[in-house]
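One-letter residues, chain by chain:
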Amino acid sequence: AQTVTQSQPEMSVQEAETVTLSCTYDTSESDDYLFWYKQPPSRQMILVIRQEAYKQQNATENRFSVNFQKAAKSFSLKISDSQLGDAAMYFCAYRSAFVSGANSKLTFGKGITLSVRP
Amino acid sequence: IAGITQAPTSQILAAGRRMTLRCTQDMRHNAMYWYRQDLGLGLRLIHYSNTAGTTGKGEVPDGYSVSRANTDDFPLTLASAVPSQTSVYFCASSLNGQGGWYGYTFGSGTRLTVV
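Not measured: the values here are computed from a predicted model.

A closer look at the overall build of chain B
Point 1. Along its length, chain B carries 0 helices and 11 strands.
Point 2. Listing the helices and strands of chain B from first to last along the sequence gives β-β-β-β-β-β-β-β-β-β-β.
Point 3. In summary, chain B has a C-alpha radius of gyration of 14 Å against a globular reference of 13 Å for 115 residues, a match within 12%.
Point 4. Contacts in chain B between residues at least 24 apart in sequence constitute 54% of all its contacts with a sequence separation of at least 6.
Point 5. When the accessible surface of chain B is totalled, it reaches about 5,200 Å², and 51% of it is carbon and sulfur.
Point 6. Positive and negative side-chain charges in chain B, numbering 9 and 6 respectively, have mean positions lying 6 Å apart.

Here we look at the sheet that holds strand β8 (residues 76–78) of chain B
Residue and element names in this part refer to chain B.
Point 1. Spatial strand order, β1-β3-β8-β7: 4 strands in an open sheet with antiparallel pairing. Here the strands that pair on one side only, and so sit at the sheet edges, are β1 (4–7) and β7 (64–66). Along the sheet, successive strands turn relative to each other by an average axial angle of 15°, direction set aside.
Point 2. Bridge count between strand β3 (residues 19–25) and β8: 3 bridges; the pairing is antiparallel. By the bridge assignment for β8, L21 is matched with L76.

As for the nonpolar core
Point 1. A:L21, A:W36, A:L77, A:I79 and A:Y90 are the most contacted members of the largest nonpolar core, which totals 25 residues.
Point 2. Looking at this core, the elements that each hand over two or more residues are β3 (19–21), β5 (32–39), β6 (46–52), β8 (64–69), β9 (74–79), β10 (88–96) and β12 (112–117) of chain A.
Point 3. Counting residues per element, this core draws most heavily on β10(A), at 4 residues.
Point 4. When near neighbours in sequence (up to four residues on either side) are disregarded, A:L77 contacts A:V19, A:T20, A:L21, A:W36, A:V48, A:I49, A:F64, A:S65, A:V66 and A:Y90.
Point 5. With 21 residues, the next largest nonpolar core counts B:Y33, B:Y48, B:V88 and B:Y104 among its residues.

Examining the interface of chain B and chain A
Point 1. The interface of chain B with chain A comprises 26 residues on the first partner and 20 residues on the second.
Point 2. Surface buried jointly by chain B and chain A totals about 1,900 Å² across both partners, of which 56% is contributed by carbon and sulfur atoms.
Point 3. Counting the surface chain B buries against chain A, the share from its top three residues, B:L43, B:W101 and B:F106, is 31%.
Point 4. Where chain B meets chain A, there are 0 salt bridges.
Point 5. Summed over the shared surface of chain B and chain A, the result is 7 residue pairs in polar contact (both at pLDDT 80 or more).
Point 6. For the side of chain B that touches chain A, the secondary structure elements donating two or more residues are β4 (31–38), β5 (42–49), β9 (87–94) and β11 (110–114) of chain B.
Point 7. Counting residues per element, the side of chain B that touches chain A draws most heavily on β5(B), at 4 residues.

Examining the pairing of β9(A)
Residues and elements named next belong to chain A.
Point 1. Within β9, 5 of the 6 residues are buried, which leaves it mostly tucked inside the rest of the structure.
Point 2. Note: β3 against β9, 3 bridges, orientation antiparallel. Paired with V19 across the two strands is I79, which belongs to β9.
Point 3. Two strands pair when backbone bridges link them, and β8 and β9 are joined in this way by 6 bridges, in the antiparallel orientation. Its bridge partner lying in β9, S65 is registered against K78.
Point 4. In this structure, the hairpin formed by β8 and β9 is closed by a connection of 4 residues, where K73 is found at a positive phi of approximately 55°.

How each quantity is defined
- Numbers given to residues run from 1 along each chain, matching the order in which its sequence is written.
- Just so you know, chain letters begin at A and ligand numbers begin at 1, following the order they were written in.
- This being a predicted model, a pLDDT of at least 70 is required before a residue's local features are given, and a value of 80 or more before pairs of side-chain atoms are given or counted; all residues contribute to the totals for chains, interfaces and linings.
- Hydrogens and waters are ignored; side-chain quantities use all the structure's heavy atoms.
- Secondary structure elements are taken from DSSP: a helix is a run of H or I of four residues or more, a strand is a run of E of two residues or more, and numbering for both begins at the N terminus.
- Using C-alpha atoms as the atom set, the radius of gyration is obtained and then compared with a globule rule of 2.2 Å times the number of residues to the power 0.38.
- Note on definitions: a residue-residue contact is assigned when non-hydrogen atoms from the two residues lie within 4.5 Å.
- All accessible areas in this document rest on Shrake-Rupley with a 1.4 Å probe, and a residue is counted as covered only by the protein chains that are shown.
- Note on charges: Lys and Arg go in the positive column, Asp and Glu in the negative column, and His and the chain ends are not counted at all.
- Where a charge lies is defined by one atom per residue type: Lys uses NZ, Arg uses CZ, Asp uses CG and Glu uses CD.
- Strands qualify as paired when DSSP identifies two bridges or more between them.
- Where helices are involved, their axes are fitted lines through C-alpha atoms of the stretch in contact, as for all axes, and angles between N-to-C directions lie from 0 to 180°.
- For the purposes of this section, nonpolar cores are sets of buried Ala, Val, Leu, Ile, Met, Phe, Trp, Tyr and Cys residues that join through side-chain atoms within 4.5 Å.
- Note on exposure labels: buried denotes an accessible area under 20% of the residue type's maximum, exposed denotes more than 50%, and partly exposed covers the range between, all computed with a 1.4 Å probe on protein chains only.
- What counts as buried area is the accessible surface, traced by a 1.4 Å probe, that two parts surrender upon association, with contributions from both included.
- One speaks of a salt bridge when a side-chain nitrogen belonging to Lys or Arg is within 4 Å of a carboxyl oxygen belonging to Asp or Glu.
- Residues adjacent in sequence count toward polar contacts only when both atoms are side-chain atoms; beyond that, a polar contact is any pair of N or O atoms within 3.5 Å, and within protein one must be able to donate a hydrogen and the other to accept it.

Rendered as structure tokens:
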């Protein structure tokens, strides 16, 4: 079974500082897709960043980057120059590249609530 | 419409009543999903459909049913609502196939309160 663990339920960061949100996943597969989604108070689920596990290079999208450690099955999200609009719940999610049936789904962590202090 | 439309946005429902949550997408995605979101539990899969005409159970399917008569629509039905089904429900879709996978497109969610 695939499990995704976000061990910290809440974090706080000062505006303009950097924060790292941790995520680990447990699977027997080796070629995977990993995602971070943001959910602001509007409730909309927004894709932040996507990583293909077979790629060596860590994904980057503007102020958002990942630190992907394949052997450790760790997929943390770094937010640089934090802004007030970054305050939201963040979900880490995983899907195997080799799918059939129910394995076509994304498995989500429980989420972490990030607050940004002005 | 562009993307996924869910209806209603929110609903208060008496226990024991039947309710259908609607989900429609216009992206011709082959796969669709229903999740429920509860505080401290994240998003949990209720049912999924990999292609029109097929459905499957997720991790929390009890009390829910789905159908996938065509590519665009994927309604979720609560046959007899109970208070534990109070939650936020998300519909999502994806294009599954060769050439990489780019995750879900989500609807805006339905907040359901069963009293």
